[in-house]
Amino acid sequence: MKNLLKYIVSRVLLTIPMLFILLSLVFVVLRVMPGDPVSAMLGDHAPAHVIREKQLELGLDKPIFVQYLNYLGQIARFDLGESMVYKQRVVDTMKDKLPATVELTVIAMIFTLLIGIPLGAFAASKRRSARDFGIRLYGNIVYCIPVYWMGLMLQLLFGIFLNWLPIAGRTSARTFVTDFARSNFYIIDTIVAGNWAALGDVLIHIFLPSLTLGITLSGVFLRLTRANMLDTLKSDYVLAARARGIPEKHVVYRHALKNAFIPILTMLGLQFATLLAGAILTESTFSWPGIGRLLLERIYLRDYPVIQGVIVVYALLVSLISMLVDIIYAFIDPRVKY
Amino acid sequence: MDRKSNTGAAAEAAFSPAAGMGRLFRWLSEKNKRYGAEWWIMIAGILIIALIVFAAVCPTVFTKFDPLDQNAGTQLGAPNAEHLFGTDNLSRDIFSRMMYGSRTILGVAIAAALVSSLIGIPLGLLSGFIGGWFDKTLSLVMDSLYSFPGLILAISFAAMLGPGVINITVAVAVIYIPTYFRLVRGQTLTIKEELYVEAARAIGAKRSMILFKYIFPNVIATVVVVFSLNIADAIMTEAALSYIGLGLPGSIPDWGMDLSMGKKFLPSGVWWMITFPGVMIMILALGFTMLGEGLAEILNPKLLEK
């Protein structure tokens, strides 16, 4: 346990250089490229003294290097600063957006696992059969479907033609978010508040976007599960289990699948970055008010602090998840020691 | 691949089509026996790519419409015999836009993959070969970039650079540099310790000689596979960037942009404006993925035992 703690601390420390490099890159790119928040806000034809005042106010008159050091100092104090366009703290801007993104990605991950792992295990148990080939084909095709297009097609089918599911937003207009919103994780909030009608509304809204995201990633997990299952199904203990007359289903789904799960868990950590990237596109397709849409919105306004803040949050999310995966690893695999 | 029998089959086909087909058939079935399904996956991938490249090079063979012609048909016309994929909100022929649009996406994806490999491979080689603080610093930078969601970086770059073919290529290329770097560096580290490299060093080969004659050729085989898969990925990234409106100026036909335009008409049930661009993106990405996967199996004899 003490070693685990040591490991966690070293992992946390390791995210610092990563953040530093990303931030430096984004900072330089943002400021070197044409366009700045002042002209985005005031337009190109504003009088020079107004532009000057605004620059002074935002600290954009200082040399880039000074701005950079100031920003790093701010980050070191865990302060993401204030939006340059709207007078709002970056943290407050993200307060309701981040939970939306996290909720979307977590549900999507559940869909991914629910689709990918059983299909992969089934394909492996029926290796080289037509069903195996069909499932593998599904995996390959799904991997090549752009997530935003999948979203549009599902919207068209379930939202427009069948008219079963809503295609935009987190809740419908008749649900009053202020009634239950505490943490802004709407699923949790509605359950805590015991507001079942609202919970239904939230679930029906999250279904399509998270399914979209889940399906596109399921191909990766399907292939990984299949490959691992093929290895495990060849191992001695599976043979022994079969020899004892344990039903094949039991052997495949209880004995083998459990052991094939460890590499899948690693993949889960690695794929989380892909999931977040996919989430931006899904958010854009489903008008989902998450931090991905916030990023796109603010990029056009050149709202430097918010863009940098969102990047920091993404980077932290990625490292947090990979750390969590490593810790879970240590618990389920007794051979892993830190 | 057996080049002799390949050209032989082709030469004979020129003389007598029947015998040539027989040779071709035998050659294919021999490969089928050796590599199984993977062989056919690769062939299918190559066929898909070839078809789309052909459409990109001479789109006039497939369509008589100008992709920018706003009088090609009726506004938002459903697919029919004249307009196979229908027409969009500006009355442009969607089929023709797909044919001409393949130029954009293929060009950007291939150029981006080339740029990132041309930067990533030498850096990876040097980093793995030289080692020391140079390797440590570079690896840290590359790992940081690699662990971060690539699309988000590409979005930031594309937004800052503004619309344009070169700009979007740069934005896509940047995010794949770490992929090549990590792959090549890892390979270099392994190959550096091989006996034949040690032997070369023992007979006094120069460092540059070892790098280019002994290490580089052995690294490049794996790069080929990744290059193909990378193009597939770059295709999706390019389309994603234009989908969210960060790609190209409106005067260039582009699949991702058509998709984002179709999104506006989705609530009115205009299915053809979103279906066809998406299908095209998917098929093209699938082609390169299949080629890459087939190559991976065929170039890796170890996997054949499975």
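**Student:** Describe the overall build of chain B, naming the residues involved and giving the relevant values.
**Tutor:** Helix and strand content of chain B: 11 helices and 0 strands. When the helices and strands of chain B are read in sequence order from the N terminus, they spell out α-α-α-α-α-α-α-α-α-α-α. Structurally, chain B occupies a C-alpha span of about 75 × 60 × 30 Å along its principal axes. By the burial criterion, 51% of the 306 residues in chain B qualify as buried. Taking as baseline every contact in chain B between residues at least 6 positions apart, the subset at least 24 positions apart corresponds to 68%.

**Student:** If you had to explain the domain arrangement of chain A to someone new, which residues and values would you point to?
**Tutor:** According to the domain assignment, chain A contains domain 1 (2-92) and domain 2 (97-288). The centre of domain 1 of chain A, based on its C-alpha atoms, is set 35 Å off from the matching centre of domain 2 of chain A.

**Student:** I'd love a proper account of the interface of chain B and chain A, names of residues and values included.
**Tutor:** Contact with chain B, which involves 42 residues of that partner, is made by 45 residues of chain A. Of the roughly 4100 Å² buried between chain B and chain A on both sides combined, carbon and sulfur atoms contribute 78%. Linking chain B with chain A are 1 salt bridge, by the criterion used here. Ionic pairing is found between E293 of chain B and R223 of chain A, a salt bridge with its closest N-O pair at 2.7 Å. Across the contact surface, chain B and chain A share 6 residue pairs in polar contact (both at pLDDT 80 or more). Every element with two or more residues in the side of chain B that touches chain A is listed here: α5 (132-147), α6 (150-161), α9 (207-243), α10 (255-264) and α11 (272-299) of chain B. Classifying every residue of the side of chain B that touches chain A gives 29 nonpolar, 8 polar and 5 charged.

**Student:** Describe α9 of chain B, with residues and values.
**Tutor:** All names here are of chain B. For α9, which comprises 37 residues, the first-to-last C-alpha distance of 47 Å sits more than 12% below the rise-based estimate of 54 Å (1.5 Å per residue). Helix geometry: α9 is bent most strongly at F216, by close to 45°, with proline P217 lying one to four residues after it. Directly beyond the C-terminal end of α9, a positive phi value near 85° is found at G245.

**Student:** Summarise the side chain of T285 of chain A; cite the residues concerned and give the values.
**Tutor:** Relative to the helices and strands, T285 of chain A is located in helix α12 (residues 248-285). Only 2.8 Å separates the side chain of T285 of chain A from the side chain of Y243 of chain B, close enough to count as a polar contact. Excluding anything up to four places from it in sequence, T285 of chain A contacts Y148, G151, L152 and Q155 of chain A together with Y243 and K263 of chain B.

**Student:** Explain the packing of aromatic side chains to me, and be specific about the residues and the numbers.
**Tutor:** In this description, an aromatic ring pair is defined by two values, namely the gap between the centres and the angle between the planes. Counted under the stated rule, the structure contains 8 aromatic pairs over all chains. Ring centres of F111 of chain A and F207 of chain A lie 5.7 Å apart, and the angle between their planes is 80°; this geometry places the pair in the edge-to-face category. Separated by 96 residues along the polypeptide, F111 of chain A in helix α6 (residues 97-125) and F207 of chain A in helix α10 (residues 196-233) bring together distant segments of the chain. Look at F207 of chain A and you get partly exposed, because its relative accessible area is 34%. With a centroid separation of 4.0 Å and 0° between ring planes, the pair formed by F85 of chain B and F276 of chain B is classed as stacked. Here the residue F85 of chain B occupies a position in the loop between α3 (37-57) and α4 (94-130), and F276 of chain B occupies one in helix α11, the gap between them amounting to 191 residues.

**Student:** Give me the environment of V26 of chain A: which residues, what numbers.
**Tutor:** Residue and element names in this part refer to chain A. Relative to the helices and strands, V26 is located in helix α1 (residues 2-32). Taking the C-alpha atoms as reference, V26 lies 26 Å from V9; in sequence the two are 17 residues apart. When neighbours within four sequence positions are excluded, V26 is seen to be in contact with Q308 and I311.

**Student:** With reference to specific residues and values, describe the layout of surface pockets.
**Tutor:** Residues and elements named next belong to chain A. Quantified by volume, the second largest pocket comes out at close to 460 Å³. Surrounding the second largest pocket, 16 residues form its lining, L19, I75, F78, V312 and L316 being those nearest its centre. When residues of the lining of the second largest pocket are traced back to their parent elements, those giving at least two are α1, α4 (64-76) and α14 (304-332). Of the residues forming the lining of the second largest pocket, the biggest block, 6 residues, is contributed by α1. Considering only residue class, the lining of the second largest pocket consists of 14 nonpolar, 1 polar and 1 charged.

**Student:** Mind laying out the pattern of salt bridges, listing which residues take part and the relevant values?
**Tutor:** It is possible for side chains bearing opposite charge to pair when their charged atoms get close. All names here are of chain B. Per the stated rule, a full pass over the model turns up 7 salt bridges over all chains. Between R97 and D258 there is a salt bridge whose closest N-O contact spans 3.0 Å. A residue pair is termed long-range when its members are at least 10 positions apart, and R97 in helix α4 and D258 in helix α10 qualify at 161 residues. Residue R97 shares its accessibility class with D258, and that shared class is buried.

**Student:** Talk me through the packing of helix α8 (residues 147-161) of chain A against α12 of chain A; I want residue IDs and the actual numbers.
**Tutor:** Residue and element names in this part refer to chain A. Contact geometry of α8 with α12 gives a least axis separation of 8 Å together with a crossing angle of 35°. Where α8 crosses over α12, the two elements pack in a sense that is right-handed. Contacts between α8 and α12 pair V147, Y148, G151, L152 and Q155 from the former with G278, L281, T282 and T285 from the latter. Residues that form the contact of α8 with α12 fall into these classes: 4 nonpolar, 5 polar and no charged.

**Student:** Just give me the short version of the confidence of the model for chain A, but keep the residues and values in it.
**Tutor:** Per-residue pLDDT for chain A averages 81, and the proportion of residues at 70 or more is 96%. Confidence, read as mean pLDDT per element, is least for helix α2 (residues 37-42) of chain A in chain A (72) and greatest for α6 of chain A (89).

**Student:** So what's going on with α12 of chain A? Residues and values would help.
**Tutor:** Residues and elements named next belong to chain A. Across its 38 residues, α12 extends only 43 Å between first and last C-alpha, which sits more than 12% below the 56 Å expected from 1.5 Å per residue. Where α12 bends most, the angle comes to about 50°, and this point is L257. Phi for S287, located one or two positions after α12, is positive at around 45°.

**Student:** Any details on unusual backbone geometry? Residues and values, ideally.
**Tutor:** Residue and element names in this part refer to chain A. Of note in this structure, N163 is not a glycine but carries a positive phi near 55°. For N163, the position within the fold is in the loop between α8 and α9 (186-193). With relative accessibility at 59%, the residue N163 sits in the exposed group. Even without a glycine there, the phi angle at S287 is positive, about 45°. By the secondary structure assignment, S287 is in the loop between α12 and α13 (291-301).

**Student:** Before we move on, can you summarise the environment of S125 of chain A with the specific residues and values?
**Tutor:** Residues and elements named next belong to chain A. Relative to the helices and strands, S125 resides in helix α6. The spatial distance from the C-alpha of S125 to the C-alpha of V85 is 57 Å, given a sequence separation of 40 residues. When near neighbours in sequence (up to four residues on either side) are disregarded, S125 contacts L233, V252 and Y253.

Analysis parameters
- Residues numbered from 1 in each chain as written.
- Chains lettered and ligands numbered in written order.
- Predicted model: local features only at pLDDT ≥ 70, side-chain atom pairs only at ≥ 80, totals over all residues.
- Heavy atoms only, no water.
- Helix = DSSP H or I, 4+ residues; strand = E, 2+ residues; numbered from the N terminus.
- Buried < 20%, exposed > 50% of the residue type's maximum accessible area, 1.4 Å probe, protein only.
- Contact = heavy atoms within 4.5 Å.
- Domains from an automatic or database assignment.
- Buried area = accessible area lost by both parts, 1.4 Å probe.
- Salt bridge = Lys/Arg side-chain N within 4 Å of Asp/Glu carboxyl O.
- Polar contact = N/O pair within 3.5 Å; in protein donor to acceptor, adjacent residues only side chain to side chain.
- Nonpolar A, V, L, I, M, F, W, Y, C, P; charged D, E, K, R; others polar.
- Expected span 1.5 Å × (residues − 1).
- Bend = angle between axes of the 7 residues up to and from the residue.
- Phe/Tyr/Trp six-rings, centres within 6.5 Å; stacked < 30°, edge-to-face > 60°.
- 1 Å grid on protein atoms, 1.4 Å probe; cavity = no way out; pocket = protein on both sides within 12 Å on 5 of 7 lines; lining within 4 Å.
- Points joined across faces, edges and corners; volume = space filled by probe spheres on them.
- Axes fitted to C-alpha atoms, helices over the stretch in contact; angles between N-to-C directions.
- Left-handed = near helix turned anticlockwise from the far one by under 90°.
- pLDDT = per-residue confidence, 0-100.

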